[in-house]
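An overview of the molecular structure
Listed below, chain by chain, are the residues.
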Amino acid sequence: MRVKKVTLTNFRNYDYASVDLQDGRNVLIGENAQGKTNFLEAIEIIALGRSTRAQQDADLIKAEADSARIEVVFESNGAEVTASFALARSDKPRTKGVERQIKINGLTIGSARSLRGRLVMVSFKSSDLNLLRGGPKFRRDWIDDILITLRPTYQETLSKYGKSVAQRNRLLKQIFEKGKASVEDQNQLKVWDEQTARIGAAIIKQRLYLLNELLPKAERHQQHISGKRELLTAEYVFRAQESRDTEDGNTAEQPRGVAAKDIIDQPEAELVQTLIRLMKERRYEEIARKQTLCGPHRDDIKFALNGADAVEFASQGQQRSLVLACKLAELERVQENLCEPPILLLDDVLAELDLNRQGLLMSQVQTETQTLITTTHVTGFKPEWVAGAHFLAVKEGSIEPTSEAASIQLT
Ligand SMILES: Nc1ncnc2c1ncn2[C@@H]1O[C@H](COP(=O)(O)OP(=O)(O)OP(=O)(O)O)[C@@H](O)[C@H]1O
Ligand SMILES: [Mg+2]
């Protein structure tokens, strides 16, 4: 995979910018708030079909402009692809204020989801620490995003599940408002229980399978970083099994986790039955809260170092290492799946890693990997990252090739 050219029009703080990227390492250098992350975000949108940081599409359009456009020319398995993502402010109903038009090689595609699997990237950001410190959604999104990269059809399964939960919640709300479930309501709920459990079990099964593949890799990286002092383990937590939440929102009892390898062989049909049973057990609570409380949309992953919960007991440095180990495992797994290396985006993280960790990351990156690195300074970089790199200066929404940073490094 290789991004050849990126053209931005009224995107974030860019008026117009068109830049050619090189093979190997591209270092985007600039002060804070100049547009480095915005540039990577544009590539991420073409790769993922969505921004991982914008709350809404309107945020992507330059303030006071009516429309925005990203165009990325990239090479995938030797074929050149031009993908564009255009946004226009609109007051038409059902557009949520912005209309999208997405094209691949000039042909309009109906959904941003169809972009997935074409430009494959792995990114490392400072905010990845949320993988450990953030809420369960960060961990679910991490595992789900890797699954989508490996198997783009997984996002259809996720979307069907989301719709099924939403329908089921509507029915729970209706029953709550009526104060009683009619026979018809009960029959309908049974249908939704079964459908939600069936899709939910398929999601859980795929997550467990991936986790089982990622963990030995992450464990190996953690051992390497810590000089064999830290054993990394992780469990998949079925939040459905937790005991009731207390009035003040705290959970009375910690949810139980299971090692992925221990239940990987459990037939999917058994998992479906478990979910249906849990839904029945929590029927009254679900109606009272008008919410589906059991299923993969509530699950979590719990990490531990030498058997102790990593969120509660690990030091800041250990937490950073653990997140790096997980991301390296992701990079390794994604690379295994492709015939060519994915694009690697490193937003601000390199300067934060010590030389040992930078070396470890470098040893995982295949020589032909195209890498985009953002930074405010190159001091503290391992020389290999900057040797032969292509430098781009980012300033107030403009991006231009420069040799300045290279000369700073040499002096
Ligand atoms: N829709 C928008 N219109 C205009 N400006 C925007 C828009 N969205 C974001 N910006 C601005 O873009 C600027 C650059 O943001 P970006 O996150 O790319 O900075 P950065 O170079 O990565 O900085 P840092 O080194 O601090 O991470 C910010 O000042 C932000 O206010
Ligand atoms: Mg930034």
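What follows is about the sheet that holds strand β5 (residues 79–89). With respect to topology, 6 strands assemble into an open sheet ordered β2-β1-β4-β5-β6-β7, the strand pairing being antiparallel. The sheet is open, and its two edges are formed by β2 (14–20) and β7 (107–109), each paired on a single side. In this sheet, adjacent strand axes meet at a mean angle of 20° when their direction is disregarded. One ladder, built from 7 bridges, connects β5 with strand β6 (residues 98–104); its direction is antiparallel.

We now examine the site of ligand 1. The environment of ligand 1 is made up of 16 residues, and the closest members are Ala33, Lys36, Thr37, Asn38 and Ile61. At 3.2 Å, a backbone N or O of Arg12 approaches a nitrogen atom of ligand 1. The contact in question runs from an oxygen atom of ligand 1 to an N or O atom on the backbone of Gly35, over 3.0 Å. Residues that form the shell around ligand 1 fall into these classes: 3 nonpolar, 6 polar and 7 charged.

Moving on to the pattern of salt bridges. If you walk through the whole model with that rule in mind, you get 32 salt bridges. The salt bridge involving Glu99 is made with Lys92; its shortest N-O contact spans 3.5 Å. By relative accessible area, which is 31% here, Glu99 ends up partly exposed. Between Asp193 and Arg168 there is a salt bridge, and its shortest N-O distance comes to 2.9 Å. One end of the pair, Asp193, is in helix α5 (residues 183–225); the other, Arg168, is in helix α4 (residues 154–178), with 25 residues separating them in the sequence. The class of Arg168 is buried, set by a relative accessible area of 0%. Three or more residues are tied together by salt bridges with common partners; here these are Arg168, Asp193, Arg283 and Glu286.

Strands sit in the order β8-β13-β14-β3-β15-β16 across an open sheet of 6 strands; the sheet is mixed. Edge positions in the open sheet fall to β8 (121–125) and β16 (398–402), since each of these has one partner strand only. When the angles between neighbouring strand axes are averaged without regard to direction, this sheet yields 20°. Docked against the sheet, helix α10 (residues 316–337) engages β8 and β13 (343–347), running at close to 170° with respect to β8.

Scanning the entire structure with this criterion turns up 2 aromatic pairs. Geometrically, the ring pair formed by Tyr14 and Phe39 is tilted, given 6.5 Å between the ring centres and 55° between the ring planes. Here Tyr14 is found in strand β2, whereas its partner Phe39 is found in helix α1 (residues 36–48), with 25 residues between them in sequence. Considered together, Tyr14 and Phe39 belong to a single accessibility category, that of buried residues. Centre to centre, the rings of Tyr236 and Phe238 are 5.2 Å apart; their planes meet at 70°, and the pair counts as edge-to-face. Taken as a pair, Tyr236 and Phe238 share a single burial class, namely buried. For Lys327, the ring lying beneath its charged end belongs to Phe124, and the centroid distance is 5.8 Å.

In terms of domains, the protein chain is made up of domain 1 (2–120 + 340–410) and domain 2 (131–313). Taken over C-alpha atoms, the centre of domain 1 sits 32 Å from the centre of domain 2. Between domain 1 and domain 2, roughly 950 Å² of surface is buried when both sides are summed, and carbon and sulfur atoms account for 53% of that area. In terms of surface lost to domain 2, no three residues of domain 1 exceed Arg113, Arg116 and Leu360, which account for 60% of the buried area on that side. Where Asp145 meets Arg50, a salt bridge forms, and the shortest distance between an N and an O atom there is 2.7 Å. Connecting domain 1 to domain 2 are 5 residue pairs in polar contact (both at pLDDT 80 or more).

All right, on to the nonpolar core then. It is characteristic of soluble globular proteins that their nonpolar side chains tend to be buried jointly. With 116 residues, the main nonpolar core has Phe39, Leu119 and Phe303 as its most contacted residues. Counting contributing residues, this core receives three or more from each of domain 1 (2–120 + 340–410) and domain 2 (131–313). Other than its neighbours up to four places away in sequence, Leu119 contacts Met1, Val3, Ile43, Ile46, Ala47, Val72, Phe74 and Ile343. Leu172, Ile175, Leu189 and Trp192 belong to the second-largest nonpolar core, a separate cluster that totals 6 residues.

The next subject is the packing of α4 against α5. Packing of α4 against α5 brings their axes to within 9 Å, and their N-to-C directions diverge by 150°. As summarised for this structure, α4 and α5 are arranged roughly antiparallel, according to the angle between their axes. With respect to the hand of their crossing, α4 and α5 are arranged in left-handed fashion. Here the contact of α4 with α5 is composed, by residue class, of 11 nonpolar, 8 polar and 6 charged.

Criteria and thresholds
- Residues numbered from 1 in each chain as written.
- Chains lettered and ligands numbered in written order.
- Predicted model: local features only at pLDDT ≥ 70, side-chain atom pairs only at ≥ 80, totals over all residues.
- Heavy atoms only, no water.
- Pairing = 2+ DSSP bridges.
- Helix = DSSP H or I, 4+ residues; strand = E, 2+ residues; numbered from the N terminus.
- Axes fitted to C-alpha atoms, helices over the stretch in contact; angles between N-to-C directions.
- Near = heavy atom within 4 Å.
- Polar contact = N/O pair within 3.5 Å; in protein donor to acceptor, adjacent residues only side chain to side chain.
- Nonpolar A, V, L, I, M, F, W, Y, C, P; charged D, E, K, R; others polar.
- Salt bridge = Lys/Arg side-chain N within 4 Å of Asp/Glu carboxyl O.
- Buried < 20%, exposed > 50% of the residue type's maximum accessible area, 1.4 Å probe, protein only.
- Contact = heavy atoms within 4.5 Å.
- Phe/Tyr/Trp six-rings, centres within 6.5 Å; stacked < 30°, edge-to-face > 60°.
- Lys NZ or Arg CZ within 6 Å of the ring centre and 35° of its normal.
- Domains from an automatic or database assignment.
- Buried area = accessible area lost by both parts, 1.4 Å probe.
- Core = buried A, V, L, I, M, F, W, Y, C linked by side-chain atoms within 4.5 Å.
- Parallel < 35°, antiparallel > 145°, perpendicular 65-115°, else oblique.
- Left-handed = near helix turned anticlockwise from the far one by under 90°.

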